[in-house]
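Chain by chain, the residues:
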Amino acid sequence: MRSSLSWLRRRAAALVAILCCVLTWQLAQLPATSAEERQALAERYAFATHPVSPPDRPGDRQVRPVAPVYEHIEGWVSSVGASTALLATDGGTVSRDICLVDPRTDTVTIRPAPTTGQRFPAFELHPEGLPYESYVAPMGCLPADYNEDGWQDVVVYYWGRSPVVFLREPDTPQAADGFTARELVSPPQIWNTNAASIADFDGDGHVDLFFGNYFPDGARVLDPTADQASLVMTDSLSNAYNAGTHRIFRFADATASGPPDIRFVEDHDAFDGTEETGWTLAAGTQDISGDGLADLYIGNDFAPDQLLVNESVPGDIRFREVHGERHALTPKSKVVGQDSFKGMGVAFGDVNADGATDLVVSNITDDYALHESNFAFVRTGGDEELERGIAPFDDHAEDLGLSRTGWTWDVKIADFANSGSPDVLFATGFLRGDTNRWAQMQEAAMSNDLIMAHPGLWPRFADGADLSGHDPNKFFTRGPDGRYVEIGDLAGVGTDAVSRAFAVGDVDTDGRLDFVAANQWTQSTFYRNESAAGDFLGLRLRQPARGGDCEGTESGRTRPAIGARATVSPEGRTALTQQVYPANGHNGVNAPDLHFGLGEAAGPLPVTVTWRTACGQTRSDTLELTPGWHELLLNADGKVQEVR
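Everything numeric here is computed off the predicted structure, so don't read it as measured data.

### A few points about the overall build of the chain
When you go through the chain residue by residue, the secondary structure sums to 8 helices and 42 strands. For 644 residues, the compact-globule estimate of 2.2 N^0.38 gives 26 Å, and the C-alpha radius of gyration of the chain, at 25 Å, lies within 12% of that figure. Each of the three principal axes of the chain carries a C-alpha extent, and together these read 100 × 65 × 50 Å. In the chain, which comprises 644 residues, the share counted as buried stands at 61%. Once local pairs closer than 6 in sequence are excluded, the contacts in the chain between residues at least 24 apart make up 62%. As displayed, the chain has an accessible area near 24100 Å², and 50% of this comes from carbon and sulfur atoms. Across the chain, the centroid of the 50 positively charged side chains sits 5 Å from that of the 92 negatively charged ones.

Pasting the structure below:
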C-alpha cells in the first residue's frame, strides 16, 4: 500500500498533466454532425447547374502579364478578377441578366441568365473612345440606375485605371451600342480597385459610390514594362496601410433626356480621422445605427477591418470609426476593428434568428495551413453604444459553426429553401496548381514586417503554385439546435473550382433564389434553385425615376429604391428585416430585391417599408401583403402603391 502511494506521489504531476491534456482535448472538440443528420438537412435543397461563360480550353492562361518586380509571384498577383452581378438591361424590374467578368479573357460580358430564354445575344462592355492601356484589367461590375432615368446602368472598375460608367441608352436593343461609356474621373487615373458598393451616403436621395483599392494608386501592376517605386507589397501582415486609397463619390447631377449623362464629385474628406489606404478586398453597406444613413464596413487584407458609422449631411459625406469591446475570453483578433485577419468578404443578415441584423466576414481557415477564423458578429447592443464609439457586435462564429471554411472570398446570406432561416454561402479557393506552396507561405508569414513590402523577398508563387486551390465552396444551413452545418457537397453546390464571387436573385420569378458563381481562371456557373421550398414574400421596392431632379416630372418609369428597409411580422414569430443594399461582399452584386423565406405562412402579412425620397426625406408606410412577389412603388407622399 505504501509503495503504491509512493508511486502515485512520484507521478502525481505527470498524471495531472496528462489529465489536463485529455480534458483540454475534449473541450477543444467541435460539435459533430452525423452523416444522417447532414443528409436530412440537405434533402430539401436541389440546384441545376448551367455554364455562363465559355468552356475551358487547353492552353487557357492561368496568370496575367505583370510588372517585372512581380514575375516570381505572378500567381499571387493574378489571383483576383472574377466578378458577377445580376441586373435588368431591358428596363424592367426583374433582374434576369448576368454581368460577368472573366479573367481568362479580361472581358465584361452581359448575357441572359440561363432558363430565362435567349432574349438577346451576349455582348461585351468595353469603354470605346476612352483611354484603355494594355495593362488594364476589369475587376467588377456594379449595376444601378445612376442617372435615374428608369434604366439600369453599369459601373465597371479595374486594375490599371479609374472606373467607367456605362450609361444605358433608353429604348435601345440590349447590346454593346445600347450603352455609352463615361469617365467617372476625368482625366482618368491609375487605380487598382477590388471592392465597390453603392448607397445614398449623404442622405440626399441619390445613389453614391464607394471604391476600395488594393495596390497603391498609380502602380501599373499589370504592365510588363513598369519600373515604379509604387510597385510594392504589403509592409505588414497585420497592420499594413501602404496600399490604394478609399474613395467615395457623391451624386452631383444627371441627364435623363437626350444623350444620358452623369456627374459624381469625389468627397476627399469623407474618411478624415480613419485609415484610408488599406489593402481593401471587400465592402458592405447597411444602416446599422437606424438613422436612415448607410454605414460602411471595409474588409482589409493584412490589416484590421473598419466599421464606419455614417455622420453625413446632404452634400458632405463623413464617417466615424467605431470598435468592438474586448471581453475577458475574447481574442483581440475577434473584436470589430481590431482583427489582423484578411477581411475578404462581408454580408449582413440575421444569422441567430433574434430579429437583429448581424455581420458575417470571411477570412482564411485552412487546416494544416493558416487558421484564422471567419467572423459572425452578432448584434449585442443598441444605437447608444454606437454613439459612444462602441460597435455593439460580438463574434460567435465558432458557436454558430461558421468559423471554418477554407480560403474564403465572397459570402452571401440568403434563404434558399424559404424555411424562414437563412443559409450562408462562401466562395473559396486561392491558387490552383500542382505544387503545394503552403510551407513557403508559412515561412513568409513568420518573416519580419520590414522585408514584406519588397516583392523580391517574397517566396515564389508563380504559375503552377497551389495554395488552397482545391477548397470546395461552402454552403451552410441552420440545424435544429441553431448551429450551422455545411452541406455543400450534398446540395450540389460544393464544387472545388476556385471561386471569387456570388450574385443571388430569383431570375425566373418562381420564388426560389438562384445564384451565379464567378470562378477564377475557369468556367463560371449559374445555379438554378429547384429546392422543395416553403412560402416566401418577395419585394421589388421601386421609386419614381425623375432624372436626378427630386421635384421633376414623373416619367412613368421607376428605379430600385436603394437603401429602403422592409420589416415583415409573421404572426407569433420574430420579425424579419432586410435592407436594399445589393453590392455587399467581394465583387458579387445581388438583384436589388428583398426576399423573405416564411416556411409555412397563412394569410396576409403586415409589412412596414421605410425609405428616403429623391429629395432626401424619410417616409414610412405599413400594408398587408400575401406571400409571393410584389412590386411596390414608394411615393414621395409617404404612400406605398402596389404595382403588381
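### Brief notes about the domain arrangement of the chain
As far as domains go, the chain holds domain 1 (1-30), domain 2 (42-529) and domain 3 (535-642). Between the C-alpha centres of domain 1 and domain 2 there is a distance of 50 Å.

### Focus: the environment of Ser 419
Along the chain, the position of Ser 419 falls in the loop between β24 (406-414) and β25 (423-428). Along the sequence, Ser 419 and Arg 478 sit 59 residues apart, while their C-alpha atoms lie 9.8 Å from each other. Ignoring anything within four residues of it in the chain, the contact list for Ser 419 reads Arg 44, Gly 597, Leu 598 and Gly 599. At 3.2 Å, the side chain of Ser 419 forms a polar contact with the backbone oxygen of Ser 421.

### Focus on the state of the cysteines
Taken as a whole and judged by the stated rule, the model has 1 disulfide. The disulfide partner of Cys 99 is Cys 141, and the S-S distance across this bridge is 2.4 Å. The sign of the S-S torsion, about -130°, decides the handedness of the disulfide formed by Cys 99 and Cys 141: left-handed. With Cys 99 in strand β3 (residues 97-102) and Cys 141 in strand β6 (residues 137-144), this residue pair connects regions lying 42 residues apart in the sequence.

### Remarks on unusual backbone geometry
Looking along the chain, the bond that leaves Ser 186 and enters Pro 187 is cis, with omega of -5°. Within the secondary structure layout, Pro 187 lies in the loop between β9 (179-183) and β10 (193-199). Here the phi dihedral of Phe 302 falls at roughly 65°; this positive angle occurs in a residue that is not glycine. Positionally, Phe 302 belongs in the loop between β15 (295-301) and β16 (306-310). Its relative accessible area of 4% is what places Phe 302 among the buried residues.

### Overview of the environment of Val 136
Here Val 136 is to be found in the loop between β5 (123-124) and β6. As for Val 136 and Tyr 158, which are separated by 22 residues in sequence, their C-alpha atoms are 6.6 Å apart. Beyond its immediate stretch of four places on either side in the chain, Val 136 contacts Tyr 158, Trp 159, Gly 160 and Arg 161.

### A look at the pairing of strand β38 (residues 594-599)
Of all the 6 residues making up β38, 6 are buried; the element is thus mostly covered by neighbouring parts of the structure. Burial along β38 is two-sided: Leu 594, Phe 596 and Leu 598 and His 595, Gly 597 and Gly 599, pointing in opposite directions, are all buried. Pairing of strand β33 (residues 535-544) with β38, which is carried by 5 bridges, proceeds in the antiparallel orientation. Bridge assignment links Leu 539 to a residue of β38, and that residue is Leu 594.

### Let's talk about the sheet that holds strand β37 (residues 588-589)
Within the open sheet, the 5 strands sit side by side as β5-β4-β3-β2-β37. Their pairing is mixed. Each edge of the sheet is formed by a strand with only one pairing partner; in this case those strands are β5 and β37.

### Some words on the sheet that holds strand β35 (residues 565-568)
Reading across from one edge, β36-β35-β39-β40 is the order of the 4 strands in this open sheet, with antiparallel pairing throughout. If you trace the sheet from one side to the other, it starts and ends with β36 (576-579) and β40 (618-625), each paired once. If you compare each strand with its neighbour and ignore which way they point, the axes differ by 15° on average. By the bridge criterion, 4 bridges tie β35 to β36 in an arrangement that is antiparallel. Along β36, the bridge assignment pairs Arg 565 with Gln 579.

### Observations concerning the packing of aromatic side chains
Applying the stated criterion across every chain, the model contains 35 aromatic pairs. Summarising the aromatic geometry, the rings of Trp 76 and Phe 461 are spaced 5.4 Å apart at their centres and angled 40° between planes, so their arrangement reads as tilted. Residue Trp 76 is found in helix α3 (residues 74-77), and its partner Phe 461 is found in the loop between α7 (449-452) and β27 (465-466); the two are separated by 385 residues along the sequence. A residue is classified by how much of its surface remains accessible, and Trp 76, at 9% relative accessible area, is buried. By relative accessible area, Phe 461 is classed as buried at 0%. Each ring, one from Trp 407 and one from Trp 438, has its centre 5.8 Å from the other, and the planes form 50°; the classification is tilted. Here the residue Trp 407 occupies a position in strand β24, and Trp 438 occupies one in helix α6 (residues 438-445), the gap between them amounting to 31 residues. Since its relative accessible area comes to 5%, Trp 407 is described here as buried. For Trp 438, a relative accessible area of 8% gives the class buried.

### Describing the side chain of Asn 584
Topologically, Asn 584 is positioned in the loop between β36 and β37. Side-chain polar atoms of Asn 584 contact the backbone oxygen of Tyr 581, separated by 3.5 Å. If sequence neighbours within four positions are ignored, Asn 584 has contacts with Ser 197, Ala 283, Gly 284, Thr 285, Gln 286, Val 346, Phe 348, Asp 410 and Lys 412.

### Some points on α6
Burial in α6 covers these residues: Trp 438, Met 441 and Ala 444. Projected down its long axis, α6 carries its buried residues within an arc of 115°, all on one side.

### Some points on the pattern of salt bridges
Here the structure, examined in full by the defined rule, presents 32 salt bridges. When the shortest N-O distance is used, the salt bridge between Arg 61 and Asp 106 registers 2.6 Å. Linking Arg 61 in the loop between β1 (47-51) and α3 with Asp 106 in the loop between β3 and β4 (107-112), this pair joins segments that are 45 residues apart in sequence. Of the residues examined, Asp 106 reaches a relative accessible area of 19% and is grouped as buried.

### Topic: a nonpolar patch on the surface
A contiguous nonpolar patch, built from Leu 450, Ile 451 and Leu 457 and spanning about 310 Å² of accessible area, is present on the exposed surface. For Leu 457, the location among the structural elements is in the loop between α7 and β27. Overall, Leu 457 belongs to the exposed group, its relative accessible area being 53%.

### Structural notes on the nonpolar core
Counting residues in each nonpolar core, the largest one holds 136 residues, and the members touching the most others are Tyr 70, Trp 76, Tyr 146, Leu 209, Phe 416, Leu 539 and Leu 541. The greatest single-element share of this core, amounting to 6 residues, is contributed by strand β7 (residues 153-159). Of the domains in this structure, domain 2 (42-529) and domain 3 (535-642) are the two that each give at least three residues to this core. The contacts of Leu 541, once residues within four sequence positions are left out, are Arg 559, Pro 560, Ala 561, Ala 564, Val 580, Leu 594, Val 609, Leu 632 and Leu 634.

Thresholds applied
Residues numbered from 1 in each chain as written. Predicted model: local features only at pLDDT ≥ 70, side-chain atom pairs only at ≥ 80, totals over all residues. Heavy atoms only, no water. Helix = DSSP H or I, 4+ residues; strand = E, 2+ residues; numbered from the N terminus. Rg over C-alpha atoms; globule rule 2.2 N^0.38 Å. Buried < 20%, exposed > 50% of the residue type's maximum accessible area, 1.4 Å probe, protein only. Contact = heavy atoms within 4.5 Å. Areas by Shrake-Rupley, 256 points an atom, 1.4 Å probe, with all protein chains shown as cover. Lys, Arg positive; Asp, Glu negative; His and termini not counted. Charge placed at Lys NZ, Arg CZ, Asp CG, Glu CD. Domains from an automatic or database assignment. Polar contact = N/O pair within 3.5 Å; in protein donor to acceptor, adjacent residues only side chain to side chain. Disulfide = S-S within 2.5 Å. Pairing = 2+ DSSP bridges. Axes fitted to C-alpha atoms, helices over the stretch in contact; angles between N-to-C directions. Phe/Tyr/Trp six-rings, centres within 6.5 Å; stacked < 30°, edge-to-face > 60°. Arc of directions from axis to C-beta. Salt bridge = Lys/Arg side-chain N within 4 Å of Asp/Glu carboxyl O. Patch = residues over 30% accessible without salt bridge, like charges linked within 9 Å, V, L, I, M, F, W, Y side chains within 5 Å. Core = buried A, V, L, I, M, F, W, Y, C linked by side-chain atoms within 4.5 Å.

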